[in-house]
Amino acid sequence: MEKFLNQKTSGTSGKSERARLAVWALTPDGAALGRRIADSLGGVLHISSSVAERDGAVADNAQVFESLGEALAQEFRASDGHVLICAAGIAVRLLAPLLVDKQHDPAVVVCDQAGRHAVSLVSGHLGGANALAREVAGVTGGEAVITTATDTAGLPAVDVLAAAAGLAITDIAGVRAVSAALLTGSRPQLYDPENRLGLDADHGDFFERVDSPEGLAAPAVAVDWRIQPTYAAEGVLHLAPPVVCVGVGCRRGTMAQTLDAALQRFLTDNAIAPGAVRGLASIDAKADEAGIIETARRRDLSFTTYPARELNRMTVPNPSKCVCRHMGVESVCEAAAKLLANEGQLVAHKTVWNGVTLAAAVLK
């Protein structure tokens, strides 16, 4: 069973962190239950000022708010999950103006103050609200209420499987198409030559495996770091594994806009899915290069640098005497890409655009 609170994977960088949870209560009984939930699941309890005035013990280590609507709006994006101990109608009215879409909204669970029901309300799959509802119910001794169609039908939720496998969803519309097909009893095609989706025997029978991306017909799932023409078809869900490591070099002071444009052009020209990029790498001399640092930050990527002696260990197809004179190494981008990929295979050789050099290798 999926777990909300174990770890949350951030973006495509492969970085994981414990999910942040906020628990909200309006009444004394709700605050007592909220304290149990927050203490058991490692969350932060938020209580109304009226409750705090009545019960100092509950208020200890709790955040106090005057207006639930204002406090929730301020905290909504800062936490990965929210448990609201209140009437569902209150939650719906307060949440409505805060919601964006299922890819970006945090998990929201609504719980009655007796703890009988924990309702997964927002972002059941990608946000983890279904899993959070089950964990809350485990604390309260109540029942998790799950209404997502695939769960109630006993079918695999492809977006949950993708998230668990660390795969980036390139187009959320593909999730809807594949889920709809499963609900009607169809078997979507699945191109996943390395079994990165990690389907077990129970889930594997719901899909028809194919050996080539060519001729892939919707509804379908393709797990691939590349971009193929068939993946653009309506009803095809493209999942990108974060396995592509990009080496980068540039002139000192190159602006982030230039670097980002060069990176985007490089990915497009080499048919690499942006969601498949695991991180950027360069030489130690570029560790403080503001443009690279900012580009990595904007794309939620790691940025790793290596000393010249490590780069010189790599055999590359395009060594440069000019680079050697200036940097003391025969290669920066190709060698750095291979190192970040655990000496994996180069899949895109050195490319130069507007003073930026880029190369890519796939994680070994």
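Computed from a predicted model, the values in this text were never measured in an experiment. (Residues numbered from 1 in each chain as written. Predicted model: local features only at pLDDT ≥ 70, side-chain atom pairs only at ≥ 80, totals over all residues. Heavy atoms only, no water.)

K.L.:
Would you take a moment to explain the overall build of the protein for this structure?
P.N.:
Secondary structure assignment for the protein yields 15 helices and 19 strands. Each principal axis of the C-alpha atoms in the protein carries an extent, and together these give about 75 × 50 × 30 Å. Relative to its 364 residues, the protein shows a buried fraction of 49%. Contacts in the protein between residues at least 24 apart in sequence constitute 57% of all its contacts with a sequence separation of at least 6. A total of about 16900 Å² of accessible surface is found on the protein, and carbon and sulfur atoms cover 49% of it. Here the protein contributes 33 positive and 40 negative side-chain charges, whose respective centroids are spaced 7 Å apart. (Helix = DSSP H or I, 4+ residues; strand = E, 2+ residues; numbered from the N terminus. Buried < 20%, exposed > 50% of the residue type's maximum accessible area, 1.4 Å probe, protein only. Contact = heavy atoms within 4.5 Å. Areas by Shrake-Rupley, 256 points an atom, 1.4 Å probe, with all protein chains shown as cover. Lys, Arg positive; Asp, Glu negative; His and termini not counted. Charge placed at Lys NZ, Arg CZ, Asp CG, Glu CD.)

K.L.:
How do you make sense of the sheet that holds strand β19 (residues 356–362) when you look at a structure like this?
P.N.:
Whether parallel or antiparallel, the strands of a sheet pair through hydrogen bonds between backbone atoms. A sheet is described by the order of its strands in space; here five strands give the open sequence β17-β16-β15-β19-β18, paired in mixed fashion. Among the strands making up the open sheet, the edge pair consists of β17 (302–306) and β18 (346–353). If you compare each strand with its neighbour and ignore which way they point, the axes differ by 20° on average. Across seven bridges, strand β15 (residues 244–250) lies against β19 in antiparallel orientation. Bridging across to β19, glycine 249 finds its partner in threonine 357. (Pairing = 2+ DSSP bridges. Axes fitted to C-alpha atoms, helices over the stretch in contact; angles between N-to-C directions.)

K.L.:
Is there a simple way to explain helix α1 (residues 28–41) in this structure?
P.N.:
Because an α-helix completes one turn every 3.6 residues, residues spaced three or four positions apart along the sequence face the same direction. Taking 1.5 Å per residue as the helical rise, α1 with its 14 residues ought to reach 20 Å, and the 20 Å between its terminal C-alpha atoms agrees with that figure. The set of residues buried in α1 consists of Gly30, Ala31, Leu33, Gly34, Arg35, Ile37, Ala38 and Leu41. (Expected span 1.5 Å × (residues − 1).)

K.L.:
Honestly, the pairing of strand β13 (residues 220–223) in this entry has me stumped. Any pointers?
P.N.:
Moving residue by residue along a regular strand, the side chains alternate between the two faces of the sheet. What you see with β13 is no split at all: Ala220 and Ala222 on one side and Val221 and Val223 on the other are buried throughout. Taken together, the four bridges between β13 and strand β14 (residues 236–240) define a ladder with parallel strand orientation. The partner of alanine 220 across the bridge, within β14, is valine 236.

K.L.:
What is the right way to look at the sheet that holds strand β11 (residues 189–191) in this model?
P.N.:
The five strands lie next to each other as β10-β14-β13-β11-β12, forming an open sheet whose pairing is mixed. With partners counted over all chains shown, the strands left at the sheet margins are β10 (168–169) and β12 (208–209), one partner each. As paired elements, β10 and β14 share two bridges and run antiparallel to each other. In the strand pairing of β14, isoleucine 169 is matched with leucine 239. Contacting β10, β13 and β14, helix α9 (residues 172–183) crosses the sheet at an angle of about 125° to β14.

K.L.:
Help me understand the confidence of the model for the protein in this model?
P.N.:
Caution is warranted with low-pLDDT regions, since their predicted coordinates should not be read in detail. Taken as a whole, the protein shows an average pLDDT of 89; of its residues, 94% reach a score of 70 or greater. Low pLDDT, under 50, characterises residues 9–16; the stretch is placed with 21 contacts to residues that sit more than four places away or in other chains. (pLDDT = per-residue confidence, 0-100.)

K.L.:
Where do I start with the pattern of salt bridges in this structure?
P.N.:
The full count for this structure, using the stated rule, is 15 salt bridges. Residue glutamate 294 is joined to arginine 298 by a salt bridge in which the shortest nitrogen-to-oxygen separation is 3.0 Å. Of this pair, glutamate 294 and arginine 298 both sit in helix α12 (residues 290–298), four residues apart, which is roughly one turn of the helix. Among the residues examined, arginine 298 registers a relative accessible area of 45% and is labelled partly exposed. Connected via shared salt-bridge partners are Arg252, Lys286, Asp288 and Glu289. (Salt bridge = Lys/Arg side-chain N within 4 Å of Asp/Glu carboxyl O.)

K.L.:
What exactly am I supposed to notice about unusual backbone geometry here?
P.N.:
The general pattern is negative phi for most residues beyond glycine and trans for most peptide bonds. Here the amide bond leading from alanine 218 into proline 219 is cis, since omega sits at 0°, within 30 degrees of zero. Inspection of the secondary structure puts proline 219 in the loop between β12 and β13. Of note, alanine 271 is a non-glycine position whose phi angle comes to about 55°, a positive value. Within the secondary structure, alanine 271 sits in the loop between α11 (256–269) and β16 (277–283). In the Ramachandran plot, asparagine 342 falls in the positive-phi region, its phi being about 55° despite a non-glycine side chain. You can see asparagine 342 is positioned in the loop between α15 (333–340) and β18. Looking at asparagine 342, the relative accessible area reads 48%, which means it is partly exposed.

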